[in-house]
Number of protein chains: 2
Amino acid sequence: MDQVEIFKALSNKTRLQILEWLKQPAQNFPEQPDGFKDGVCVGQIQQKAGLTQSTISEYLSTLQRVGLVIVTRKGQWTYYKRNEKTFAELSNLIKATL
Amino acid sequence: MDQVEIFKALSNKTRLQILEWLKQPAQNFPEQPDGFKDGVCVGQIQQKAGLTQSTISEYLSTLQRVGLVIVTRKGQWTYYKRNEKTFAELSNLIKATL
DNA sequence: AATATATATCGGCTTTTCTCGATATCCCAA
DNA sequence: TTGGGATATCGAGAAAAGCCGATATATATT
């Protein structure tokens, strides 16, 4: 868990936004028909964020690299969901170390 | 409390370091003779960090701008100390919002 | 008033981040 | 096996951040 890298990942309005959206997938992504077991696919997130596909893809990969989200490939789709374990660790770290 | 700006301020090894040092001023800044009521002065921090005076001055001003430290001018010295209130808020925010 | 010390600000150079369009890859369906 | 849709990667230009040296400002001392 690299503190600096995590804070960098959180230093962007859109990435923070995505993480919040992923807290309530059903509410925030009504277009996605299937359940949200594995999270939300890139296209849905991209559409809601209003940035280009490549940008969102890179943002999600950034979040995944620092462990804030978990990725699941399924056919031609890639689903992203929050990794709550990392959020809990971060909260503890801020309380303890910071 | 601007989340993005706070995370930006925390996205730097040296600034994180400074915040940790300021948790235990007496241990980390034995050179400073007087009490630590108002914190530690810029020169002490600069010396320990090993970056230039201008860089450290700017870093401290960044931390102050987002409310992570409190500044007190006293004569020709400027003392910086942690603003624990903001840290507590941040920890809560991460637990609640993030 | 002149000087010395502590800190802040400015200008600049280098590296990183933001964001895009274009292209490549991967997977499914006909 | 060819085409189409979803995602990833690449290359690039603009903006921001990381640092520095030089200079300005403020305060204290003589």
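See above for the structure.
Rules used in this analysis
- Here, residues in each chain are numbered from 1, in the same order as that chain's written sequence.
- Following the order in which they are written, the chains are lettered starting with A and the ligands numbered starting with 1.
- A pLDDT threshold of at least 70 governs which residues receive local features in this predicted model, and a stricter bar of 80 or more applies before side-chain atom pairs are shown or counted, although totals over entire chains, interfaces and linings include all residues.
- Excluded from the side-chain calculations are hydrogens and water; all other atoms, namely the structure's heavy atoms, are used.
- Helix numbers and strand numbers start at the N terminus; a helix is a DSSP run of H or I with at least 4 residues, a strand a run of E with at least 2.
- The globule rule used for comparison is 2.2 Å times the number of residues to the exponent 0.38, while the radius of gyration itself is calculated over C-alpha atoms.
- Contact between two residues is taken to exist if any of their heavy atoms lie within 4.5 Å; hydrogens are not considered.
- The Shrake-Rupley method, run with a 1.4 Å probe, gives the accessible areas here. Residue values count only the displayed protein chains as cover.
- A residue counts as positive if it is Lys or Arg and as negative if it is Asp or Glu; His and the chain ends are not included.
- A charged residue contributes its charge at one atom only: NZ of Lys, CZ of Arg, CG of Asp or CD of Glu.
- Two strands form a pair only when DSSP identifies at least two bridges running between them.
- Throughout this description, the term salt bridge denotes a Lys or Arg side-chain nitrogen within 4 Å of a carboxyl oxygen of Asp or Glu.
- Only protein chains enter the accessibility calculation, which uses a 1.4 Å probe. A residue is then buried if its area is under 20% of the maximum for its type, exposed if over 50%, and partly exposed in between.
- If a single non-hydrogen atom of a residue is within 4 Å of a molecule or strand, that residue counts as near it.
- A 3.5 Å cut-off defines polar contacts: any pair of N or O atoms within that distance qualifies, except that in protein one atom must be a possible hydrogen donor and the other a possible acceptor, and neighbouring residues in sequence count only when both atoms are side-chain atoms.
- Three classes are used, and their members are as follows: Ala, Val, Leu, Ile, Met, Phe, Trp, Tyr, Cys and Pro are nonpolar, Asp, Glu, Lys and Arg are charged, and the others, Gly among them, are polar.
- Accessible surface is computed with a 1.4 Å probe, and the buried area is the amount of it that two parts give up when combined, taken over both parts together.

So what's going on with the overall build of chain A? Residues and values would help.
Helix and strand counts for chain A stand at six helices and three strands. If you list the helices and strands of chain A from N to C, you get α-α-α-β-α-α-β-β-α. By the compact-globule yardstick of 13 Å for 98 residues, chain A fits well, its C-alpha radius of gyration being 13 Å. With the C-alpha coordinates of chain A rotated into their principal frame, the extents come out at 40 × 25 × 25 Å. Residue pairs at least 24 apart in sequence account for 52% of intrachain contacts in chain A once pairs closer than 6 positions are excluded. When the accessible area of chain A is evaluated, it comes to approximately 5,200 Å², of which 46% is carbon and sulfur surface. Where the 13 positive side-chain charges of chain A centre and where its 9 negative ones centre are 2 Å apart.

For the pairing of strand β2 (residues 69-74) of chain A, give the residues involved together with the corresponding values.
As paired elements, β2(A) and strand β3 (residues 77-82) of chain A share six bridges and run antiparallel to each other. Bridge assignment links V71(A) to a residue of β3(A), and that residue is Y80(A).

Help me get a handle on the pattern of salt bridges, residues and values and all.
Considering all chains together, one arrives at nine salt bridges over all chains under this definition. Note that R82(B) is salt-bridged to E84(B), the shortest N-O span being 2.7 Å. For R82(B), a relative accessible area of 8% puts it in the buried group. Residues participating in the shared-partner salt-bridge network are K37(A), D38(A) and K74(A).

Residues and numbers for the protein's contact with DNA strand D, please.
Taken together, 22 residues form the shell around DNA strand D, and within it G43(A), S54(A), S57(A), T52(B) and Y59(B) come nearest. With respect to DNA strand D, the side chain of S57(A) contributes an N or O atom lying 2.9 Å from a phosphate oxygen. Between DNA strand D and S54(B) there is a distance of 3.0 Å, counted from a base oxygen to a side-chain nitrogen or oxygen. For the surface near DNA strand D, the secondary-structure elements that each account for two or more residues are α4 (42-49), α5 (53-65) and β3 of chain A together with α5 (53-65) of chain B. No other element matches α5(B), which puts four residues into the surface near DNA strand D. Tallied by class, residues from the surface near DNA strand D come to six nonpolar, twelve polar and four charged.

Account for the protein's contact with DNA strand C, naming residues and giving values.
Taken together, 23 residues lie around DNA strand C, and Y59(A), G43(B), S54(B), S57(B) and Q76(B) are the ones closest in. Here a phosphate oxygen of DNA strand C sits 3.4 Å away from a polar atom, N or O, in the side chain of N12(A). Breaking the surface near DNA strand C down by element, the ones donating at least two residues are α5 of chain A together with α4 (42-49), α5 and β3 (77-82) of chain B. Residue contributions to the surface near DNA strand C peak at four residues, all from α5(A).

How would you summarise the side chain of S11(B) if you had to cite specific residues and measurements?
Take S11(B): it is sitting in the loop between α1 (3-9) and α2 (13-21). In this structure S11(B) comes out as buried when scored by relative accessible area, which is 13%. Side-chain polar atoms of S11(B) contact the backbone oxygen of F7(A), separated by 3.2 Å. In this structure S11(B) touches V4(A), F7(A), K8(A) and S11(A), once residues within four positions along its chain are discounted.

I'd like a rundown of the interface of chain B and chain A, residues and numbers included.
Facing the 20 residues of chain B at the interface are 20 residues of chain A. The junction of chain B with chain A conceals about 1,800 Å² of combined surface from both sides, 65% of it contributed by carbon and sulfur atoms. In this structure, the connection of chain B to chain A is made through zero salt bridges. The interface formed by chain B and chain A contains 13 residue pairs in polar contact (both at pLDDT 80 or more). Mapped onto the side of chain B that touches chain A, the elements with two or more residues apiece are α1, α2 and α6 (84-96) of chain B. Counting residues per element, the side of chain B that touches chain A draws most heavily on α6(B), at six residues. When the residues that make up the side of chain B that touches chain A are grouped by side-chain class, the tally is nine nonpolar, five polar and six charged.

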